[in-house]
Amino acid sequence: MTVTGQEITDYVDRVRAALADLPPAVRDELTEDLPEHLAEVAAEGEGALVDRLGTPEAYAAELRAAAGAGEGRRPARFHRLAEARDQAATQIRLLDRQLGPVLGHETVSDFLRPLRPAWWLVRGWLAALLISVMVDGGRPGLLPRPNDNASAGLLLLIGAVVASLWLGRRSAGFTGWPRRLHRLGTAALLLFGFAVLVDVDRNASSDVYSGYEQTSVDRRYDRIEDVFVYDQQGRLIRDAQLFDQNGVPIRLGWPNCLDASGAVPAPRNAYPYCPELAPFGAPASPSIAPPAPAPTGSATPTAPSTSASPEPTSTR
């Protein structure tokens, strides 16, 4: 197996971590020519660096002894953390080799290495979604829409993907804290991506009417089923229509009753869907409007009587 540049970088990082208790100048002097030395060792034959030189911690101990640098006074808890980290790294390498043949490669790393450019694209997309959620605080969708602005979301997506590609081409040379921050950011984006997939799956399996887009002003109105509009006299207005300030119809709710044919009415921009379910009693049946009252303050003229009393008749 050919030793890659990434393996050399990892080996150097672990050696430097094992020498972290030494003064920076001493540590830099001990590891100054280490990458070149490891490259020469890798070119001399096959096999992993760990198999040929031992663990980075053992190699660091040899460097320390050769330079006459004693152990630093690091707290015991730091030593325990370093041991736990080394044990975890050893287990990960074992799994890497054991699971590699399942994927048709010597190690899982060999299988994943050609897929890095695809991950860089996905990482940019996840970063754009995360920034969009942090800006407006809404639920993540499949595309970033900061403040519900599709154009800004497209620009954000392009910028995040370009930045991710640039970072991916240079991340192999990271060492120390930049490398740790890079790994921490990758883990955070993976957790965020898993949360997005769970949310999308939950919305896809929810029981809502397909083909009907519900527009809500606030989350308080998410569960509206019907809209009932009353005039100042408390009379229900049928076929009322709602519009926003731009003349765009506002559609809320969904029918939860049956029409005369026994089917659920189709959603439409006219309310109420179900007049018989009015919250303040069933609406009255249509009737002829009463006549308008006579205007006050004006006397109604009376017509003179045309009937005359009969004249008395005389008899002779």
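Attention now moves to the overall build of the chain. If you tally the helices and strands in the chain, you get 10 helices and 2 strands. For the chain, the sequential pattern of α-helices and β-strands runs α-α-α-α-α-α-α-α-α-α-β-β. By residue count, 24% of the 316 residues in the chain fall in the buried class. Sequence-distant contacts in the chain: of pairs separated by 6 or more residues, those separated by 24 or more amount to 59%. Looking at the chain as shown, the accessible area adds up to about 22400 Å², and 60% of this sits on carbon and sulfur atoms.

Moving on, we get to helix α9 (residues 150–170). Across its 21 residues, α9 extends 31 Å between first and last C-alpha, which sits within 8% of the 30 Å expected from 1.5 Å per residue. What α9 keeps buried is the set Gly153, Leu157, Ala160, Val161, Ser164 and Gly168. Relative to the axis of α9, the buried residues are bounded by an arc of 100° and lie together on one face. Opposite its buried face, α9 presents the exposed residues Ser151, Leu155, Val162 and Arg169, each directed more than 90 degrees away. Of the surrounding elements, those touching the buried residues of α9 are α8 (116–136).

Right, let's talk about the state of the cysteines for a bit. Using the criterion set out here, one finds 1 disulfide in the structure. In this model, Cys257 is linked to Cys274 through a disulfide, with the two sulfur atoms separated by 1.9 Å. Between Cys257 and Cys274 the disulfide shows an S-S torsion of about -90°. By sign, it is left-handed. Taken together, the positions of Cys257 in the segment after β2 (236–237) and Cys274 in the segment after β2 put the pair 17 residues apart, joining distant regions of the chain.

Applying the stated criterion across every chain, the model contains 5 salt bridges. In this structure, Arg16 and Asp28 form a salt bridge, with 3.0 Å as the shortest nitrogen-oxygen distance. Pair noted here: Arg16 is in helix α1 (residues 5–18) and Asp28 is in helix α2 (residues 24–30), with a separation of 12 residues, a long-range link. A residue is classified by how much of its surface remains accessible, and Arg16, at 27% relative accessible area, is partly exposed.

Another aspect to go through is a negative patch on the surface. Taken together, Glu29, Glu32, Asp33, Glu36 and Glu40 make up a surface patch of like negative charges. For Glu32, a relative accessible area of 54% corresponds to the exposed category.

Take a nonpolar patch on the surface next. On the surface, a nonpolar cluster with roughly 370 Å² of combined accessible area is contributed by Leu95, Leu99, Val102 and Leu103. Counting through the fold element by element, Leu95 comes out in helix α6 (residues 76–99). Residue Leu95 is classed as partly exposed on the basis of its relative accessible area, which comes to 46%.

Look at the UniProt record and you will see "transmembrane region" (unreviewed entry) annotated at residues 118–135, 150–168 and 180–198. Helix makes up 100% of residues 180–198 and strand 0%, whereas the separation of the span's terminal C-alpha atoms amounts to 27 Å.

This part is about the packing of aromatic side chains. Taken as a whole and assessed by the stated rule, the structure comprises 3 aromatic pairs. Between the aromatic rings of Tyr11 and Tyr59, the centroid separation amounts to 6.0 Å while the plane-to-plane angle is 75°, which identifies the pairing as edge-to-face. Of this pair, Tyr11 sits in helix α1 while Tyr59 is found in helix α5 (residues 56–67), placing the two residues 48 residues apart along the sequence. Here the two residues Tyr11 and Tyr59 agree in accessibility, since each one is buried.

A few words on the nonpolar core. A general feature of soluble globular proteins is that nonpolar side chains tend to end up buried together. Ranked by size, the top nonpolar core spans 13 residues in total, and within it Tyr11, Val15, Leu34, Leu38, Leu49 and Tyr59 carry the most contacts. For this core, the secondary structure elements donating two or more residues are α1, α3 (34–44) and α5. In contact with Leu34, not counting residues within four places along its chain, are Val12, Val15 and Tyr59. Membership of the second largest hydrophobic core comes to 8 residues, among which are Ile250, Cys257, Tyr271 and Tyr273.

Glancing now at the packing of α8 against α9. Where α8 meets α9, the closest approach of the two axes is 8 Å, and the angle between their N-to-C directions is 135°. Between α8 and α9, the angle is such that the two are oblique. Read as a crossing pair, α8 and α9 show a hand that is right-handed. Judged by residue contacts, Trp120, Leu121, Arg123, Gly124, Trp125, Ala127, Ala128, Ile131 and Ser132 of α8 engage Leu156, Leu157, Ala160, Val161, Ser164, Leu165, Leu167, Gly168 and Arg169 from α9. Each residue belonging to the contact of α8 with α9 can be placed in one class, and the counts come to 12 nonpolar, 4 polar and 2 charged.

What counts as what
Residues numbered from 1 in each chain as written. Predicted model: local features only at pLDDT ≥ 70, side-chain atom pairs only at ≥ 80, totals over all residues. Heavy atoms only, no water. Helix = DSSP H or I, 4+ residues; strand = E, 2+ residues; numbered from the N terminus. Buried < 20%, exposed > 50% of the residue type's maximum accessible area, 1.4 Å probe, protein only. Contact = heavy atoms within 4.5 Å. Areas by Shrake-Rupley, 256 points an atom, 1.4 Å probe, with all protein chains shown as cover. Expected span 1.5 Å × (residues − 1). Arc of directions from axis to C-beta. Disulfide = S-S within 2.5 Å. Salt bridge = Lys/Arg side-chain N within 4 Å of Asp/Glu carboxyl O. Patch = residues over 30% accessible without salt bridge, like charges linked within 9 Å, V, L, I, M, F, W, Y side chains within 5 Å. Lys, Arg positive; Asp, Glu negative; His and termini not counted. Charge placed at Lys NZ, Arg CZ, Asp CG, Glu CD. UniProt positions renumbered as here; feature names shortened; annotations may be inferred. Phe/Tyr/Trp six-rings, centres within 6.5 Å; stacked < 30°, edge-to-face > 60°. Core = buried A, V, L, I, M, F, W, Y, C linked by side-chain atoms within 4.5 Å. Axes fitted to C-alpha atoms, helices over the stretch in contact; angles between N-to-C directions. Parallel < 35°, antiparallel > 145°, perpendicular 65-115°, else oblique. Left-handed = near helix turned anticlockwise from the far one by under 90°. Nonpolar A, V, L, I, M, F, W, Y, C, P; charged D, E, K, R; others polar.

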